2 protein chains.
Amino acid sequence: MSSRTGFAATSSTGVRSETVRSANLSMLLRELHFRGAASRSELVSRTGLTRSSVGALIGELVKLGLVVEMPAASDGSRGRPSPVAIVRSAENVAIAVDVSVDSIGVAAVGLGGVVLTVERIERARDRVSVDATIADIVATVGMVRARLAQQYRILGIGVAVVGLVQRSDNSVAIAPNLGWRDVRFGDRLGAALGHAAPVCVANDADVAALAEIHRGVAVGVDDVLYVWGEVGVGGGLISKGEMITGASGFAGEIGHLPVNPLGRACQCGSRGCWETEVGEGALLQRAGRSRDGGREAVDALLDDALGGVALAVAALNEEATWLGFGLAGLINVLNPSMVVLGGLFDAVYPFVEGRLLDEIKRRALASSFANLVIVRTALGEDALLLGAGELAFEQVLADPLGAIRALTGSAL
Amino acid sequence: MSSRTGFAATSSTGVRSETVRSANLSMLLRELHFRGAASRSELVSRTGLTRSSVGALIGELVKLGLVVEMPAASDGSRGRPSPVAIVRSAENVAIAVDVSVDSIGVAAVGLGGVVLTVERIERARDRVSVDATIADIVATVGMVRARLAQQYRILGIGVAVVGLVQRSDNSVAIAPNLGWRDVRFGDRLGAALGHAAPVCVANDADVAALAEIHRGVAVGVDDVLYVWGEVGVGGGLISKGEMITGASGFAGEIGHLPVNPLGRACQCGSRGCWETEVGEGALLQRAGRSRDGGREAVDALLDDALGGVALAVAALNEEATWLGFGLAGLINVLNPSMVVLGGLFDAVYPFVEGRLLDEIKRRALASSFANLVIVRTALGEDALLLGAGELAFEQVLADPLGAIRALTGSAL
DNA sequence: TGAGTTTGTCGTATCCACGAACAAACACAA
DNA sequence: TTGTGTTTGTTCGTGGATACGACAAACTCA
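What comes next concerns the included structure. (Residues numbered from 1 in each chain as written. Chains lettered and ligands numbered in written order. Predicted model: local features only at pLDDT ≥ 70, side-chain atom pairs only at ≥ 80, totals over all residues. Heavy atoms only, no water.)

**Comments concerning the interface of chain B and chain A**
(1) Moving on: The partner chain A presents 78 residues to the 78 residues of chain B that form the contact.
(2) Moving on: Where chain B abuts chain A, roughly 6,400 Å² becomes buried across the two surfaces, and 61% of that area is made up of carbon and sulfur atoms.
(3) Moving on: At the boundary of chain B with chain A, the tally comes to 2 salt bridges.
(4) Moving on: As a salt-bridge pair, Lys240 of chain B and Glu242 of chain A come within 3.8 Å of each other at their nearest N and O atoms.
(5) Moving on: Between chain B and chain A we count 20 residue pairs in polar contact (both at pLDDT 80 or more) in total. (Contact = heavy atoms within 4.5 Å. Buried area = accessible area lost by both parts, 1.4 Å probe. Salt bridge = Lys/Arg side-chain N within 4 Å of Asp/Glu carboxyl O. Polar contact = N/O pair within 3.5 Å; in protein donor to acceptor, adjacent residues only side chain to side chain.)

As C-alpha cells, then:
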C-alpha cells in the first residue's frame, strides 16, 4: 500500500493551510539537522519546493534562530553561488541524559547532532534512588552547562532510562536494576531542573536504536531491529522509519522473549527468557566464570577464545546458537531489513559470526533472510546520549515555529 | 511523543495547498466509510473544519459519486436540521478475493464495508496452480458481478493469499500450501480480470487483522496483535493503527517463532516453530488423532473435552500452555493493548482460557500484561473478504479525487 | 405566531505555495 | 577586460484552500 500521501490518515483533525507551513518548516529543518548543511538550491531539488518558497521558509528558520546562512561562497561551478544553510548547533542545544545503573551521563548536544560537552559520573549502587538520581543529574547538568561558553538556549531534555518507560506521561513503570516502580520521573526531573524545555523520557534500548537510525549504521533504513545486550537484553524496533512503542511504550522487551521451556529463572518472574540464555551472565557461567564478572570478565573470556581455550570457545558457540535462535524468531515476526547488534553482542560478534548466521539461516524464513543485513553498531559509548539528544529535538523538528514559541524565555 | 502534527515527517516532499484539499477529502470519506453516516454538523464537530469547508468538501465527494446527502430530516432537536451524508455503497464496490487452499471466496463489498454479494467455490487440491487459481477467480468474479443489479463501478480489487506477499509489487514470494514461488500474482490477476481498478495483494493474516481493526472487535484500538490459527499460524501486527509490514511485507509470521529447541521439524525447514506446537496438527496428535483431520476432527475433540475425555482435556491443556508461551513473548516484544484470537484459537478459547491466561501472566512482563485485553474475533467466515475489501478501498480513501480520476472509465 | 436556536450559504479575508520576470553573481571564452 | 551564458535569489501577482462574519433558512418551543 503506497498510500503515503504525506499526511497522517488517522488523525481526524482538519488540515488548515498553516499546517502546510508547519510541515514544510519541519521538513527543511529535518533535512538540515539530519543530512547536514545544504545550499538553498540543494534544498530546492531535495524538497521539490520552489526557490521562492525555500527562501521564505529558510528566512523563517533564520528568524527563529535555528539556522544561519553562510554568505554564498563560490564552489567553482557555473552560475550564481547559493548560500549554504546550516543549523546553529552551538546556540540550540538539547540536554541528553543517560541514567544507567553504575553511572549517569549528561551531554549538551547541539542541533545537528554534535556532542558539545559530555560529563559522566560514576555512582555507587546505593545511590540509585530516585531522589539521589535526580540530584546527581541536576548537578551534572550544572557542570555541563558551566562548560558551554556561548549563549545558547535549551530546546529539550531527553532522558534514557534502564527500565520500562510509559511514553504517554514520561513515567518509569518499573526499573528493576534501579529499584524504581511507578515513578513520574519526567515530571520530577523537569521540576528539579526548573527549565521551560520539555522533558522526554524513553527506554535506553529505544534511545540507542534512535541514535542508530539517525546517526549510526542504520541511517536511511526504514525497518530496523536493534538488539542490545549486557546483563540484560533490550531491543529497539523501527518500522517504516518510526519507533514501535506499543500501547504503553513497553515494546521492544525482547530480552523476555521465552525461548527455553527448560531454562533458568529470570529476574522478571518467568523462566527461560532469551536474556537468561544470551545475557552476560549466561555467557560467563558457561565459560566457567562468575556470572557477574562484568565487562572485564567478558573481555578476558574473549582473550581466552583467541588463545584457543576450549571452554571459552564452547561458551561462545552456545552463545551464538541461542543468539541465532532468538534473532530468527524476531526476524520472522518483524521482517527487518537490518539487524544492528550493540553492547555485548557487538563485542562477541567476530567470535560468533559464522555459527550465528548459520543458525539464523536455518531457522528464519528464507524470504525474510534473503534481504537481511546484520551489522554491528557504529556508535561508541555516546550512543545513548546521541539518541537522547534526538529524543529531545523531536518536538522542535516536528513543529519548529510552535516549539520555539512555546519556549517563551527563548530570547537567544 | 505526541508529535502527531498531521503530516508524515519523513516524507521529504514539499507540501502544496492541493495536498490540504486531498487530505481533508480523505479524512471526511474515511469518517463516513468507517464510522457510518453522519450529519454535516456532526462532521464539523468531528473534524474541526468550518461549516463552509465541510459543505464544499462534501459537495466534491457528492460530485465524485462517492457520497449522497439525505434531505435533512428533523430529528427532534432544536435548530435547523442537518442533512445526513452517507456513502453510496451499492454504486461503489470493491472486489474482495480470498485465496485459500481448499476454496476461493469472492465478494463485492460496498463502500462503507457492506458485503453485497458473496460466492465461494470449493476446489480440489490439484487445482491450486497459479493459472487454475486465476481462472477460478475470474469465473467467480463473473458470478458475483452478474448478481449485482444496479449500475456500479469497481474502485479496487483486494486479494488475501495464504502465503508471503511482497507488498511493493503485489507478488507472492512463497506460498507453501499452494506450491507457489515468486509469482507476480497481482499483475497477472489484474491482467486476467482486465479491469482498470488497482489490485492489492496481502497475506491472509494481515488482511484478517485489517478486518478486525476496521470492522471487528479492535475498532479504535491502536496497538493490536491478531493471532490466527489453523494448520499453520499467522499474525497481523498493528502499531499506532497501522499494519507493521516489515521491509518486504513478510512481517507477522509469528507461526515461525522458534519456541521449542527440542521441537519437531517444521515445514519451513526449521524445527520447534510455534505452529508445530499450537497448530491444528499438534493439537490433534496430542489427543491421539490423525494430524490432518481438519476442522471436523477439532470439533470432535472439543466434544470429547466437554464429555470429560481425559486425552482431549490433556491435549487442550498442553495447547493452552504453548499458546501462552508464544503469546507472552509476542506481548513482551510488541506491547499490544489487545490480542485478538481467530480461527482455531477462537474455537479452543473457552477450553483453554484459564490455563492460557495463567501462562501469559506467568511469562509476560507485569507492566505489559496489566493493560492487556484478550478477546476472540467478532467476525465470522467473511472476515477475510471484509479485510480484502478494506485493502481495496485504501487507495480511494487515501486520495478520493486522484483515485477516481485514475479510473477513467468511471462514468457512474 | 413569534422568539430562540441551529445550520447552510455566500462573500471577503488570510495564508501559503507557485510561477514569471528581473536582478545578481559566477564561469568561461574571446 | 569584456561579453555571453548559466544558475540562483528576490519580488510581485495569481490561484488554491480554509477561516470568518453576515445573512437566510429551517426547526422547536412557548
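Still more to cover.
**Regarding the pairing of strand E9 (residues 171-175) of chain A**
Residue and element names in this part refer to chain A.
(1) Moving on: Burial within E9 is extensive, with 4 of its 5 residues counted as buried.
(2) Moving on: Of the strand pairs in this sheet, strand E8 (residues 164-166) and E9 are connected by 3 bridges, and their pairing is antiparallel. Across the sheet, the residue bridging to Gln166 is Ser171, located in E9.
(3) Moving on: Remark: 4 residues form the turn of the hairpin made by E8 and E9, two consecutive strands paired antiparallel; Asn170 in that turn has positive phi of roughly 55°.
(4) Moving on: Where E9 lies against strand E10 (residues 180-183), 3 bridges are found, and the strand directions are antiparallel. Note that in E10 the partner of Ala175 across the bridge is Trp180.
(5) Moving on: Counted between consecutive antiparallel strands, the loop separating E9 from E10 contains 4 residues, among which Gly179 sits at a positive phi close to 75°. (Buried < 20%, exposed > 50% of the residue type's maximum accessible area, 1.4 Å probe, protein only. Helix = DSSP H or I, 4+ residues; strand = E, 2+ residues; numbered from the N terminus. Pairing = 2+ DSSP bridges.)

**Let's talk about the protein's contact with DNA strand C**
(1) Moving on: The immediate surroundings of DNA strand C are formed by 28 residues, with Arg21 and Ser53 of chain A together with Arg40, Arg80 and Ser82 of chain B found nearest.
(2) Moving on: Of all DNA strand C atoms lying within 4 Å of any protein atom, the proportion belonging to sugar or phosphate reaches 74%.
(3) Moving on: A distance of 3.1 Å is found between a phosphate oxygen of DNA strand C and a backbone nitrogen or oxygen belonging to Thr50 of chain A.
(4) Moving on: Within the side chain of Ser74 of chain A, one N or O atom sits 3.1 Å away from a phosphate oxygen of DNA strand C.
(5) Moving on: Of all the secondary structure elements, the ones that give two or more residues to the surface near DNA strand C are helix H1 (17-35) and helix H3 (51-63) of chain A together with helix H2 (40-47) and helix H3 (51-63) of chain B.
(6) Moving on: Take the surface near DNA strand C: its biggest share by element is 5 residues, from H1 of chain A.
(7) Moving on: Looking at the surface near DNA strand C residue by residue, the class counts come to 5 nonpolar, 13 polar and 10 charged. (Near = heavy atom within 4 Å. Nonpolar A, V, L, I, M, F, W, Y, C, P; charged D, E, K, R; others polar.)

**Some points on the relation of the copies chain B and chain A**
(1) Moving on: Expressed as a screw transformation, the operator carrying chain B onto chain A has a rotation angle of 180° and an axial translation of 0.0 Å, and the superposed copies differ by an RMSD of 0.1 Å. Taken together, the turn and the small shift mark the pair as related by a two-fold rotation axis. (Least-squares fit on C-alpha atoms with pLDDT ≥ 70 in both.)

**Focus: the protein's contact with DNA strand D**
(1) Moving on: Around DNA strand D, the surrounding shell holds 29 residues, and the nearest of these are Arg40, Arg80 and Ser82 of chain A together with Arg21 and Ser52 of chain B.
(2) Moving on: The side chain of Ser82 of chain A places a nitrogen or oxygen atom 2.3 Å from a phosphate oxygen of DNA strand D.
(3) Moving on: The separation between a phosphate oxygen of DNA strand D and a polar side-chain atom of Ser74 of chain B is 2.9 Å.
(4) Moving on: Elements that contribute at least two residues to the surface near DNA strand D include exactly helix H2 (40-47) and H3 of chain A together with helix H1 (17-35) and H3 of chain B.
(5) Moving on: It is H1 of chain B that contributes the most residues to the surface near DNA strand D, 5 residues altogether.
(6) Moving on: Residue classes in the surface near DNA strand D are distributed as 6 nonpolar, 13 polar and 10 charged.

**Some words on the sheet that holds E9 of chain A**
The strands making up a sheet are joined through hydrogen bonds of the backbone, oriented either antiparallel or parallel.
Residues and elements named next belong to chain A.
(1) Moving on: One open sheet accounts for 3 strands, arranged E8-E9-E10; its pairing is antiparallel. For this open sheet the edge positions go to E8 and E10, each flanked by a neighbour on one side alone. Direction aside, the axes of adjacent strands within the sheet are offset by 20° on average. (Axes fitted to C-alpha atoms, helices over the stretch in contact; angles between N-to-C directions.)

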